[in-house]
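Coordinate analysis (summary)
Now for the letters of each chain:
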Amino acid sequence: MERGDASDDCAASAELVRTVLAADASTARLEKRYLARDGTVVWAVVHTTLLRDAEGRPKHFVTQVHDITDRKKAEEQLRETKEFHESLVSYANAPIVVWDPDLRITRFNHAFERLTGIREEDAVGSGLDVLFPDARRAEAMELVRRASTGERLETVEIPIRAADGRVRTVLWNSATIFAPGGTEPRATIAQGQDVTEAVAARRDLSLRAEELARSNEELEQFAYVASHDLQEPLRTVASYVQPLPPLQRPPRRRRRRLHRLRGRRARSGCSA
């Protein structure tokens, strides 16, 4: 049989035989690889039974070999898929946390580590309440409990407390994973987006808008008062001012006399 063994499994086969010979048990099981004639690897499960004679001495082995190559391929594909999904969660840019029905953290990705300063090994196994500031913990945990029953969190702002005491505002979306049958929750996964700066900017803009509205109101009040204070002096001045009579042209005889006087001055060389 060893001629068809994959080289790495020859030692395991020999160890199996030695174990059966030395032990009281007469049966052993081993998963191993064989090399087919075309060079491909075939996985098999080997069941070996040692038959002994009437005096208990080893007589011969009876071995059954079952091809499990398809199962091994499926297991390998499942392992690769799991590793791929693990990598997606671990190295995603967005903070991701997974918790079980007991509200204990089971996954805590690198982005969440950067957000909070808490290491994954310290977070996993802890209750979710360690992530929330004291002032908002009860409110946040109520949202978490509702999400654990299947209610989706959609762009919900939940504060997160970092290891250094800072509080970050995170926008959360969640989904619940159910067991086959769709009634028993298995886990809840939530993805967040840090919007701390955006919330601060929004709050600052709101304060500025309030200040502007208050300033406009004060300006309107000042304009009203100033208008009232200016109108009163103008009314007083207006009561003392009388309009001037319109200019009237001199009589005709006076105009002729003035004309003669100007003519005499011109002839005498005097300026007008």
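Here the residue numbers are simple positions, counted from 1 along each chain's written sequence. Per-residue local features of the predicted model are confined to residues with pLDDT of at least 70, and side-chain atom pairs are confined, for both listing and counting, to 80 or more; whole-chain, interface and lining totals are unaffected and use all residues. Just so you know, side-chain values use all the structure's heavy atoms and leave hydrogens and water out.

1. Considerations on the pairing of strand β3 (residues 58-67)
The line we're drawing: In this scheme, strands are said to pair when DSSP sees at least two bridges between them. By the criteria applied, helices consist of DSSP H or I runs no shorter than four residues and strands consist of E runs no shorter than two, each listed in order from the N terminus.
Relative to β3, strand β2 (residues 41-52) runs antiparallel, the two sharing nine bridges. In the sheet register, leucine 51 faces β3, and the bridge partner there is histidine 60.

2. A closer look at a nonpolar patch on the surface
Going by this rule: Patches here are clusters of residues that have more than 30% relative accessible area and form no salt bridge, with a 9 Å joining cutoff for like charges and a 5 Å cutoff for nonpolar side chains (Val, Leu, Ile, Met, Phe, Trp, Tyr). Under the convention used here, a 1.4 Å probe and the Shrake-Rupley method define accessible areas, while residue burial counts only the protein chains that appear. Every case where a carboxyl oxygen of Asp or Glu lies within 4 Å of a side-chain nitrogen of Lys or Arg is listed as a salt bridge. Whether a residue is buried, partly exposed or exposed follows from its accessible area with a 1.4 Å probe, protein chains only, as a fraction of its type maximum: under 20%, in between, or over 50%, in that order.
There is a patch of nonpolar side chains on the surface, built from Val17, Leu21 and Phe61 and spanning about 220 Å² of accessible area. On the accessibility criterion, valine 17 (34% relative accessible area) is partly exposed.

3. Thoughts on the sheet that holds strand β7 (residues 167-178)
The following threshold applies: What counts as an axis is a line fitted to C-alpha atoms, over the stretch in contact for a helix, and the angles between N-to-C directions run from 0 to 180 degrees.
Taken in spatial order, the five strands make up an open sheet running β5-β4-β8-β7-β6, and their pairing is antiparallel. Both edges of this open sheet fall to β5 (105-108) and β6 (156-161), since each of them pairs with a single strand only. Taken pair by pair, the neighbouring strands of this sheet meet at an average axis angle of 35°, ignoring direction. Pairing geometry for strand β4 (residues 96-99) and β5, over three bridges, is antiparallel. Bridge pairing links tryptophan 99 to isoleucine 105 in β5.

4. A closer look at the nonpolar core
Stated precisely, the cut-off is as follows: To qualify as a nonpolar core, a set must consist of buried Ala, Val, Leu, Ile, Met, Phe, Trp, Tyr and Cys residues joined through side-chain atoms within 4.5 Å. In this description, contact between two residues means that some pair of their heavy atoms is separated by no more than 4.5 Å.
With 23 residues, the main nonpolar core has Val97, Leu128, Leu131 and Phe132 as its most contacted residues. Counting residues per element, the ones that place at least two in this core are β4, β5, α3 (110-116), α5 (137-148), β6 and β7. Residue contributions to this core peak at five residues, all from α5. Those residues in contact with leucine 128 that lie beyond four places of it in its chain are Val97, Trp99, Leu103, Ile105, Met141 and Val144. If you look at the next biggest cluster of nonpolar residues, it comprises five residues, including Leu16, Val20, Leu30 and Leu50.

5. Quick word on unusual backbone geometry
If you check the backbone angles, leucine 103 has positive phi at about 65° while not being a glycine. Locating leucine 103 in the fold gives a position in the loop between β4 and β5. Accessibility expressed as a relative area gives 15% for leucine 103, which makes it buried. Phi is positive for threonine 155, which is not a glycine, with a value near 45°.

6. Describing the packing of aromatic side chains
Where we set the bar: A pair of aromatic rings is counted whenever rings of Phe, Tyr or Trp (Trp by its six-membered ring) have centres within 6.5 Å, and the orientation is called stacked for planes under 30 degrees apart, edge-to-face for over 60 and tilted otherwise. Any Lys NZ or Arg CZ that is within 6 Å of a ring centre and within 35 degrees of that ring's normal is treated as a charge sitting over the ring.
What the rule picks out here adds up to two aromatic pairs. Ring centres 5.6 Å apart and planes at 25° place the aromatic pair phenylalanine 112 and tryptophan 172 in the stacked group. Taken as a pair, phenylalanine 112 in helix α3 and tryptophan 172 in strand β7 lie far apart in primary sequence, 60 residues in all. Taking relative accessible area as the criterion, tryptophan 172 reaches 4% and is therefore assigned buried. Three or more aromatic residues joined by ring pairs make a cluster, and in this case those are Phe108, Phe112 and Trp172. One cation-aromatic arrangement involves lysine 72 over tryptophan 43; the distance from NZ or CZ to the ring centre is 4.5 Å.

7. Some details on the sheet that holds β3
Here we have three strands laid out as an open sheet, ordered β1-β2-β3, and antiparallel in their pairing. Single-partner strands in this sheet number two, and they are β1 (27-35) and β3. Going from strand to strand, the sheet's axes swing by 30° on average, the running direction of each strand aside. Of the strands in this sheet, β1, β2 and β3 are in contact with helix α1 (residues 10-22), which crosses β1 at around 165°. The sheet strands contacting helix α2 (residues 69-90) are β1, β2 and β3, and the helix crosses β2 at an angle near 125°.

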